[in-house]
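Examination of the molecular architecture
Residues per chain, in single letters:
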Amino acid sequence: MNDGPNNNLSDEEAKALRALGHDVTPSPGLEDRIVSELKQRGQIRARGGIVMQTARFGVAAAVLAGVFVAGLAVGKRGDAAQVTQSAPVVATETPAGNQYMLLMFMRERGEAPAQPGAPATDKQKEAMRAIVSEYRDWAIAREGEGRLVGADKLADDIRVMTRAGGETQIVQAATDERILGGYFTITAQSLDEAVEIAKSHPHLKYGGEVEVRPIEITQ
Amino acid sequence: MPPLDDVALVRRFVRNKDEQAFRALYRAHTPAMLGVVVRLVGGRGEAEDVVQEAWLKASAKLPEFRWESALRTWLVGIAINCARSRLRRRAPEGRDVELATVAEMPAPGPVTRPIDAVDLERALTRLPDGYREVLLLHDLFGYTHDEIAAMLGVESGTSKSQLSRARSSLRRWLAEKGNHRERRSE
């Protein structure tokens, strides 16, 4: 580039000017404000309407409910009286068998209320409660059969790490199509039986995918 | 899982109105847009309003984007246009008078002493908008004249001549400031 003999920058000028030009990280709320506006304008699809949105949220809440029930199972062994008071769980012996993980996949990122801070409508809350109680009932039933080993909800802030040429790369998974929202671990005699048990999980009814995987015992 | 490139993300956003694709585009390009806009309008809050407006405009125009420039260049150009509209709505601050006074001073050569960042910032805010845009984009953010021409919708030659004038004006302001300093320290 040539701006004329007298108009190239001196080193001092170039350095001072360059030091003032840098990217600026936006405030955390700006992204959601823009997305919300684009949804209102119909330029981003507000997916699935009320049932799917609450279903996705419901998965999170219900898997948490699973943790609660799993917690009871642990407590039951230590203090039977306390558990009898706090939940209608029928205590049975854990059936012998292997452990299987039921991995709860969602087709898209789980979502808290669309606009941060916006309270859910009564209709949404009601739909969510209904879904949560379905998941909870499923978990309680498996607990009653002595099959429930554990459950956890996974948050959807995902960091994918790989190593290439001795260098570790970490990227945020922002464009995923299918993410793991949580899991239930149960016992069953065989993979086929585990699949049969998983068939009744309400996650399938609400459009989620369930992957059934045997837990391998390593020697 | 490497981040998808702009073309794939834009396609997903335009075709499917896909939220995650938009968010990925937003995250990739907003810091660059905001960097330029903060320099143009001054305040951070106002700059974010401008960037929001720019994204809304860009989203509506994306289906017609022909990839004749890089997406980043196009987005920064839209952000600059939004910043211009906002600056136009502000009350004039006597800039023309200041400019006329300064334009009569002889243009000094390149500054070879260390430059105080505060003086430089002040001098930048005093440049007329047209000069300032080109100087910011070229000398602060490192865009080429071709990129600047695409952003501002001007010829590449216009970008070059405006940069030359912008640098001269800037040097006059800095020389002014330097003279004040010397006089005060005497």
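The rules we used
- Residues numbered from 1 in each chain as written.
- Chains lettered and ligands numbered in written order.
- Predicted model: local features only at pLDDT ≥ 70, side-chain atom pairs only at ≥ 80, totals over all residues.
- Heavy atoms only, no water.
- Salt bridge = Lys/Arg side-chain N within 4 Å of Asp/Glu carboxyl O.
- Helix = DSSP H or I, 4+ residues; strand = E, 2+ residues; numbered from the N terminus.
- Buried < 20%, exposed > 50% of the residue type's maximum accessible area, 1.4 Å probe, protein only.
- Arc of directions from axis to C-beta.
- Phe/Tyr/Trp six-rings, centres within 6.5 Å; stacked < 30°, edge-to-face > 60°.
- Lys NZ or Arg CZ within 6 Å of the ring centre and 35° of its normal.
- Pairing = 2+ DSSP bridges.
- Axes fitted to C-alpha atoms, helices over the stretch in contact; angles between N-to-C directions.
- Contact = heavy atoms within 4.5 Å.
- Buried area = accessible area lost by both parts, 1.4 Å probe.
- Core = buried A, V, L, I, M, F, W, Y, C linked by side-chain atoms within 4.5 Å.
- Parallel < 35°, antiparallel > 145°, perpendicular 65-115°, else oblique.
- Nonpolar A, V, L, I, M, F, W, Y, C, P; charged D, E, K, R; others polar.

Looking at the pattern of salt bridges
- Taken as a whole and judged by the stated rule, the model has 21 salt bridges over all chains.
- B:R23 serves as the salt-bridge partner of A:D32, at 2.9 Å between the closest nitrogen and oxygen. Of the two residues, A:D32 sits in helix α2 (residues 28-40) while B:R23 sits in helix α2 (residues 19-41), which places them in two different chains.
- On the basis of relative accessibility, which here comes to 26%, the residue A:D32 falls in the partly exposed class.
- Of the charged contacts in the structure, one is a salt bridge between B:E133 and B:R84, with a shortest N-O distance of 2.7 Å. With B:E133 in helix α7 (residues 129-140) and B:R84 in helix α4 (residues 71-89), this residue pair connects regions lying 49 residues apart in the sequence.
- Relative accessible area serves as the criterion here: at 4%, B:E133 is assigned to the buried category.
- The network of salt bridges with shared partners includes A:E31, A:D32, A:K39, B:E19, B:R23 and B:R27.

With respect to helix α6 (residues 191-199) of chain A
All names here are of chain A.
- Along α6, the positions that sit buried rather than exposed are A194, I197 and A198. Along α6, the residues classed as buried sweep out an arc of 100° about the axis, all on the same side. Residues of α6 that are exposed and angled more than 90 degrees away from the buried face: D192 and K199.

Structural notes on helix α8 (residues 145-152) of chain B
Residue and element names in this part refer to chain B.
- Listed in full, the buried residues belonging to α8 are H145, I148, A149, M151 and L152. Taken end-on, α8 shows its buried residues confined to a sector of 165°, consistent with a single buried face.
- In the segment just after α8, G153 is the residue with positive phi, at about 70°.

Thoughts on the packing of aromatic side chains
- Within this structure, the stated rule accounts for seven aromatic pairs over all chains.
- Among the aromatic residues, ring-to-ring pairing joins B:F13, B:F22, B:Y26 and B:W55 into one connected group.
- Over the aromatic face of A:W138 sits the side chain of A:R142, whose NZ or CZ is 4.9 Å from the ring centroid.

Some remarks on the environment of B:A8
- Positionally, B:A8 belongs in helix α1 (residues 6-16).
- For the pair formed by B:A8 and B:A21, sequence separation is 13 residues and the distance between their alpha carbons is 8.6 Å.

Focus on the pairing of strand β1 (residues 98-106) of chain A
Residues and elements named next belong to chain A.
- With nine bridges joining them, β1 and strand β5 (residues 179-188) adopt antiparallel strand pairing. Looking at the pairing, L103 lines up with Y183 of β5.
- Sheet topology places β1 next to strand β6 (residues 209-214); six bridges connect them, and they run antiparallel. Counterpart to M104 in the pairing with β6 is V210.

Some words on the sheet that holds β5(A)
Residue and element names in this part refer to chain A.
- Strand order in the open sheet formed by four strands is β2-β5-β1-β6, and the pairing between neighbours is antiparallel. With partners counted over all chains shown, the strands left at the sheet margins are β2 (148-153) and β6, one partner each. Taken pair by pair, the neighbouring strands of this sheet meet at an average axis angle of 20°, ignoring direction.

Quick look at the interface of chain A and chain B
- At the junction of the two partners, chain A supplies 43 residues and chain B supplies 56 residues.
- For the pair chain A and chain B, the summed buried surface comes to about 4,500 Å²; carbon and sulfur atoms form 55% of the total.
- At the surface where chain A touches chain B, the tally comes to five salt bridges.
- For B:R27, the salt bridge is made with A:E31, and the minimal N-O distance between the two is 2.7 Å.

Side note on the nonpolar core
- Formed by 65 residues in total, the largest nonpolar core has its most connected members in B:F22, B:W55, B:L135, B:L137, B:Y143 and B:L170.
- The element that contributes the greatest number of residues to this core is α2(B), accounting for 13 residues.
- Aside from chain neighbours lying at most four places away, what touches B:W55 is A:I34, B:F22, B:L25, B:Y26, B:H29, B:T30, B:M33 and B:L75.

Things to note about the packing of helix α1 (residues 11-20) of chain A against helix α6 (residues 117-126) of chain B
- Relative to each other, α1(A) and α6(B) sit at 75°, their axes nearing to 10 Å. By the criterion of interaxial angle, the relationship of α1(A) to α6(B) is roughly perpendicular. Counting all contacts with α1(A), which are made through A:A16, A:L17 and A:L20, the residues of α6(B) involved are B:L120, B:E121 and B:L124.
- Of the residues belonging to the contact of α1(A) with α6(B), the class tally is five nonpolar, no polar and one charged.

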